[in-house]
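# Architecture and fold: a report
Next come the chains, spelled out residue by residue.
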Amino acid sequence: MRILVTGGAGYIGGFTARRLTAKGHTVLVYDNLTAGHRTNIPADQLVVGDLKDIDHLDHLLVVHRIDSVLHFAASASVGESVTHPAKYYQNNLLNSLNLLERVRRHAIPRFVFSSTAAVYGTPETIPLTEDHPLKPVNPYGQTKLAFEAMLADYSAAYGLSATALRYFNAAGASVDAAFGEAHDPETHLIPLVLFAALGKRPKIDIFGTDYETPDGTCIRDYVHVEDLAEAHVLALEQQPAGKLVTYNVGSGTGNSVREVIRTCEEISGKTIVVNEAPRRAGDPSVLVASADKLKRELGWSPKFPDLRSIVETAWDWHRKG
Ligand code: UDP
């Protein structure tokens, strides 16, 4: 396939672009580099550009004879989405609609979208299955859910084959420690805890210790970025025609913030200073996936099944500097 990967210089997009390339697909990355890194992608695969630039998109889709679009480009911090919702509606909804319109006008048949567990909101049942009610509790989840609705309507009306992958918490690095998670500013738990282990930060804040969970801290489902990347390859290669399908992508195991910190301490051999801070706005207490549908329908099986194996790769990458 000839695939445009928006946001492919970012963390999950970069892992997926490399995996698709390794499987023999032709990959072109479109990224404005506000969050992505040039070094994530070979120079001859990268086009620097913005989703607002419709003429540029038109040109690329035609010249490169693109037949599939994987859409990662987005703003992706829950906390920031609460304080700066305008940025999220612009980047995640309006810019995504620009792209979808170009896909429709050029009759590109396949689309895979980076959605999120945040579309569910506060879980009524755990683990979350794809048919759980969709009631996001933060603007990040709202924007992703709204775009899923657009995809469903475009599929029904225009015959687009679309897949929405609802990510749980992506983490980890490549086993050779060549690629890993590097956001600026970093807001995600595992890298911040490892920064504290490395002495790059004095401590880690725990956002909320009074949740209704066994140790009072939030529980999340951490999934290795390589396993997440593989889910995209499977979704694209086995995509049903002319409709929207959704899959959770998570390990199926929940770990609390305190468990993450303990695991990082064990793997790094360092003591990490903890500060018990107030809750962060927009955080549900527990998010754990059922990935049964992904396993059953696409044959997905995670190669990094537990938190330990995920943190080990992240630690090797972070300590390399
Ligand atoms: N978290 C925390 N301290 C931090 C960063 C995150 O306690 O410095 C918590 C956060 O409240 C959430 C979990 O760690 O419960 C995972 O947060 P992250 O931002 O990594 O991912 P999210 O779940 O928001 O996608």
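That block above? That's the structure.
Residues numbered from 1 in each chain as written. Predicted model: local features only at pLDDT ≥ 70, side-chain atom pairs only at ≥ 80, totals over all residues. Heavy atoms only, no water.

### Considerations on the overall build of the protein chain
Within the protein chain, the secondary structure is distributed over 10 helices and 13 strands. Its C-alpha radius of gyration of 19 Å places the protein chain within 12% of the 20 Å reference for a compact globule of 321 residues. With respect to the principal axes defined by its C-alpha atoms, the protein chain has extents near 55 × 40 × 40 Å. Among the 321 residues that make up the protein chain, the fraction classed as buried is 55%. Considering only intrachain contacts with a sequence separation of at least 6, the fraction spanning at least 24 residues in the protein chain is 78%. For the protein chain, the accessible surface area stands at approximately 13,400 Å², while carbon and sulfur atoms represent 52% of it. Of note, the protein chain has its 32 positive side-chain charges centred 3 Å away from the centre of its 37 negative side-chain charges. (Helix = DSSP H or I, 4+ residues; strand = E, 2+ residues; numbered from the N terminus. Rg over C-alpha atoms; globule rule 2.2 N^0.38 Å. Buried < 20%, exposed > 50% of the residue type's maximum accessible area, 1.4 Å probe, protein only. Contact = heavy atoms within 4.5 Å. Areas by Shrake-Rupley, 256 points an atom, 1.4 Å probe, with all protein chains shown as cover. Lys, Arg positive; Asp, Glu negative; His and termini not counted. Charge placed at Lys NZ, Arg CZ, Asp CG, Glu CD.)

### What to know about the nonpolar core
Counting 34 residues, the largest nonpolar core has Val5, Ile12, Leu20, Leu70, Leu165 and Trp300 as its most contacted members. When residues of this core are traced back to their parent elements, those giving at least two are strand 1 (2–6), helix 1 (11–22), strand 2 (26–31), strand 6 (161–167), helix 7 (225–237), strand 11 (244–249) and helix 9 (292–298). In terms of residue count, helix 7 provides more of this core than any other element does, eight residues in total. Contacts of leucine 165, omitting those with residues within four sequence positions, involve Val112, Phe113, Ser114, Ser115, Thr116, Ala231, His232, Ala235, Tyr247 and Val249. (Core = buried A, V, L, I, M, F, W, Y, C linked by side-chain atoms within 4.5 Å.)

### Quick look at the sheet that holds strand 4 (residues 68–71)
Strand order in the open sheet formed by seven strands is 3-2-1-4-5-6-11, with parallel pairing between adjacent strands. At either margin of the open sheet sits one strand with a lone partner, and together these are strand 3 (46–48) and strand 11. In this sheet, adjacent strand axes meet at a mean angle of 20° when their direction is disregarded. Here three bridges tie strand 2 to strand 3, and the two strands are oriented parallel to one another. Opposite valine 29, over in strand 3, you have leucine 46 as the bridge partner. With respect to the sheet, helix 5 (residues 139–158) is in contact with strand 4, strand 5 (110–116), strand 6 and strand 11, its orientation differing from that of strand 5 by roughly 155°. (Pairing = 2+ DSSP bridges. Axes fitted to C-alpha atoms, helices over the stretch in contact; angles between N-to-C directions.)

### Some points on the pattern of salt bridges
Within the structure shown, the criterion is met by 17 salt bridges. Glutamate 237 is paired through a salt bridge with lysine 23; the nearest N and O atoms lie 3.4 Å apart. Of this pair, glutamate 237 sits in helix 7 while lysine 23 sits in the loop between helix 1 and strand 2, and the two are 214 residues apart along the sequence. Glutamate 124 is the partner of lysine 135 in a salt bridge, and the nearest nitrogen-oxygen pair spans 3.2 Å. Within this pair, whereas lysine 135 is found in the loop between strand 5 and helix 5, its partner glutamate 124 is found in the loop between strand 5 and helix 5, the two being separated by 11 residues in sequence. Here lysine 135 and glutamate 124 have matching classes, each one exposed. By sharing partners, the salt bridges in this structure join Glu101, Arg104 and Arg105 into a single network. (Salt bridge = Lys/Arg side-chain N within 4 Å of Asp/Glu carboxyl O.)

### Remarks on the packing of aromatic side chains
Overall, the coordinates contain five aromatic pairs when judged by the stated rule. On the basis of an interplanar angle of 50° and a centroid distance of 6.0 Å, the ring pair of phenylalanine 111 and phenylalanine 147 is categorised as tilted. Placement of phenylalanine 111 in strand 5 and of phenylalanine 147 in helix 5 is noted, with a sequence separation of 36 residues between them. This pair shows no difference in class: phenylalanine 111 is buried, exactly as phenylalanine 147 is. An aromatic cluster of at least three residues, connected via ring pairs, comprises Phe111, Phe113 and Phe147. Its guanidinium or amino end placed over the ring of tyrosine 211, arginine 279 lies 3.9 Å from that ring's centre, counting from NZ or CZ. (Phe/Tyr/Trp six-rings, centres within 6.5 Å; stacked < 30°, edge-to-face > 60°. Lys NZ or Arg CZ within 6 Å of the ring centre and 35° of its normal.)

### Let's talk about the environment of aspartate 176
Tracing the sequence through the fold places aspartate 176 in the loop between strand 7 (169–171) and helix 6 (189–197). In the structure, aspartate 176 is positioned 54 residues away from threonine 122 in sequence and 37 Å away in space, judged by C-alpha atoms. At 2.6 Å, the side chain of aspartate 176 and the side chain of serine 174 are in polar contact. (Polar contact = N/O pair within 3.5 Å; in protein donor to acceptor, adjacent residues only side chain to side chain.)

### Here's the deal with the site of the ligand
Taken together, 16 residues lie near the ligand, and Leu189, Asp205, Phe207, Arg280 and Asp283 sit nearest. Measuring from an oxygen atom of the ligand, one finds a backbone N or O atom of phenylalanine 207 at 2.9 Å. For the ligand, an oxygen atom lies 2.7 Å from a polar atom in the side chain of arginine 280. For the ligand, the protein covers 91% of the area, taking 510 Å² as the surface of the free molecule. (Near = heavy atom within 4 Å.)

### What to know about helix 1
End to end, helix 1 covers 17 Å across 12 residues, agreeing with the expected 16 Å (1.5 Å per residue, within 8%). Among all positions in helix 1, only Tyr11, Ile12, Gly13, Gly14, Phe15, Thr16, Ala17 and Leu20 are buried. Of the surrounding elements, those touching the buried residues of helix 1 are strand 1, strand 2, strand 4, strand 6, strand 7 and helix 7. Glycine 24 occupies a position one or two residues after helix 1 and carries a positive phi of about 95°. (Expected span 1.5 Å × (residues − 1).)

### A few points about the packing of helix 2 (residues 54–63) against helix 4 (residues 85–105)
Between helix 2 and helix 4, the least distance of the axes is 10 Å, while the angle of their chain directions is 40°. What the angle tells us is that helix 2 and helix 4 run oblique. In this structure, the crossing between helix 2 and helix 4 has a hand that is right-handed. Two secondary-structure elements touch here, helix 2 through Ile54, Leu57, Asp58 and Leu61 and helix 4 through Asn98, Leu99 and Arg102. (Parallel < 35°, antiparallel > 145°, perpendicular 65-115°, else oblique. Left-handed = near helix turned anticlockwise from the far one by under 90°.)

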